[in-house]
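A look at the structure
Listed below, chain by chain, are the residues.
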Amino acid sequence: MKHKTNILSTFAAVCCTSLLFSAPVLADDQPIMAGQDIYRLYNGHTGEHFYTSNSDEKADLVQKGWIFEGVGWVAPTEGAPVYRVYNPNADGGDHYYTKDLNEANSLVAAGWQMDNGAQPVFYSGGDISLYSAYNPNAKSGSHNYTTSRTEQDALIGSGWLYDQVAWNVLGDGYEETDPSLYTRFAGQEFTLKNWGAAGGPSVSMTINADGTYRETNTRLSIRPGIASEYSEFTGKLSDPVKVDDYTWKVHVVSSDLIQPVNTVLHEGNLSKIMLEPFAGLYSPMDFYIGSPDKPIEDYPAFVQDRYSILPENLKDSFPGSYTLYTPDGMTFMSIKNQ
């Protein structure tokens, strides 16, 4: 079952309310306008939000490490055109959206580039206000667009400027969640073990059907003089947001370190265990889960690279299993294909 929840996001964090998306009420003599979802993505490196109606463009950006945040708003398929321009001179690049063609042309004259082949990226129309705000301190992602008055007020309260209505839209933003995903692999372990001649790191994670999880991080070493250390986390995950037919985005709602660093478990003549500190899924953060049917070429490059160096006896279990990975490539786990 898929659920739609209103989207509320400020800066890098995403907070979802429990309000349901509702379509605008139309007058009897007002024609019903066709709508399309405008996808909202976030670049954690530059701080920019990006908006597009193109599902292929969305998938390409997710593959490159952008975080899919759901639907920013529902736009009409016709009406007043909205243009997108790009600033190649901004640190990390920057996009700006406007329905004023004269403003777009003036930015192009100042060194910006007209994006999308100078064609509209979407249209304005409807009864719902889409708010815009400007961050004078941002080098990239200096403009934000949202239908959420709560998000807009949070930005203005944080020092953003120009609280105004950019244009109108048909529907509010929302996220399509799929809480049933966890039931499909509840009780199974996501694991990563890279053992070599001198040992190596190991991480395992079990996600329960209710979204709670347990994660352990260890390193096994046969070198003498290394203390026996181990870490264990528990926490709660958000409902998964469906990114495409093969991928879900998950947000870590809470995490607790229940076995801290330097917890001694055992001593042995050869085997020693120590913490692998970067592997924990700390709150707040996002990661992705790919389904067993996800083609290897649709994964980010670092996942494809990891697969290319896996021993032959492990390739049988990947990518034919659920695979968990963080956008920065630091955490990578999969369920062994049974």
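Look above for the structure.
Residues numbered from 1 in each chain as written. Predicted model: local features only at pLDDT ≥ 70, side-chain atom pairs only at ≥ 80, totals over all residues. Heavy atoms only, no water.

Quick notes on the packing of aromatic side chains
As enumerated under the stated definition, the model contains 19 aromatic pairs in all. A ring pair is formed by Y182 and F185, whose centres lie 6.3 Å apart and whose planes are at 70°; its orientation type is edge-to-face. On the criterion of helical spacing, the pair formed by Y182 and F185 is a turn pair, its members being 3 residues apart in helix α4 (residues 181-185). Here Y182 and F185 have matching classes, each one buried. Cluster of aromatic residues (ring-pair linked, three or more members): Y51, W73, Y97, F122, Y145 and W167. (Phe/Tyr/Trp six-rings, centres within 6.5 Å; stacked < 30°, edge-to-face > 60°. Helix = DSSP H or I, 4+ residues; strand = E, 2+ residues; numbered from the N terminus. Buried < 20%, exposed > 50% of the residue type's maximum accessible area, 1.4 Å probe, protein only.)

Examining the sheet that holds strand β13 (residues 161-169)
The strand order across the open sheet formed by 3 strands is β12-β11-β13, and the pairing between neighbours is antiparallel. Whereas interior strands pair on both sides, the edge strands pair on one side only; in this sheet they are β12 (143-146) and β13. With direction set aside, neighbouring strand axes in the sheet form an average angle of 25°. Pairing geometry for strand β11 (residues 128-134) and β12, over 4 bridges, is antiparallel. Bridge assignment links A133 to a residue of β12, and that residue is N144. (Pairing = 2+ DSSP bridges. Axes fitted to C-alpha atoms, helices over the stretch in contact; angles between N-to-C directions.)

Focus on the pairing of strand β22 (residues 286-290)
Within β22, 5 of the 5 residues are buried, which leaves it mostly tucked inside the rest of the structure. Pairing between β22 and strand β23 (residues 323-325): 3 bridges, direction antiparallel. Following the sheet pairing, G290 is matched in β23 by T323.

Quick look at helix α2 (residues 101-109)
With a side-chain oxygen positioned 3.0 Å from the backbone nitrogen of N102, the residue opening α2 is D100. G111 lies just past α2 and shows a positive phi near 115°. (Polar contact = N/O pair within 3.5 Å; in protein donor to acceptor, adjacent residues only side chain to side chain.)

Considerations on unusual backbone geometry
A positive phi angle, near 60°, is found at N116, a position not held by glycine. Secondary-structure assignment places N116 in the loop between β9 (113-114) and β10 (122-124). Its identity as a non-glycine residue notwithstanding, Y162 has a phi of 60°, on the positive side. With respect to the helices and strands, the residue Y162 is situated in strand β13.

Quick look at the environment of L61
Take L61: it is sitting in helix α1 (residues 55-63). Looking at L61, the relative accessible area reads 13%, which means it is buried. Put simply, L61 and Y42 are 19 residues apart on the chain and 9.4 Å apart in space, counted from C-alpha to C-alpha. In this structure L61 touches L41, F50 and W66, once residues within four positions along its chain are discounted. (Contact = heavy atoms within 4.5 Å.)

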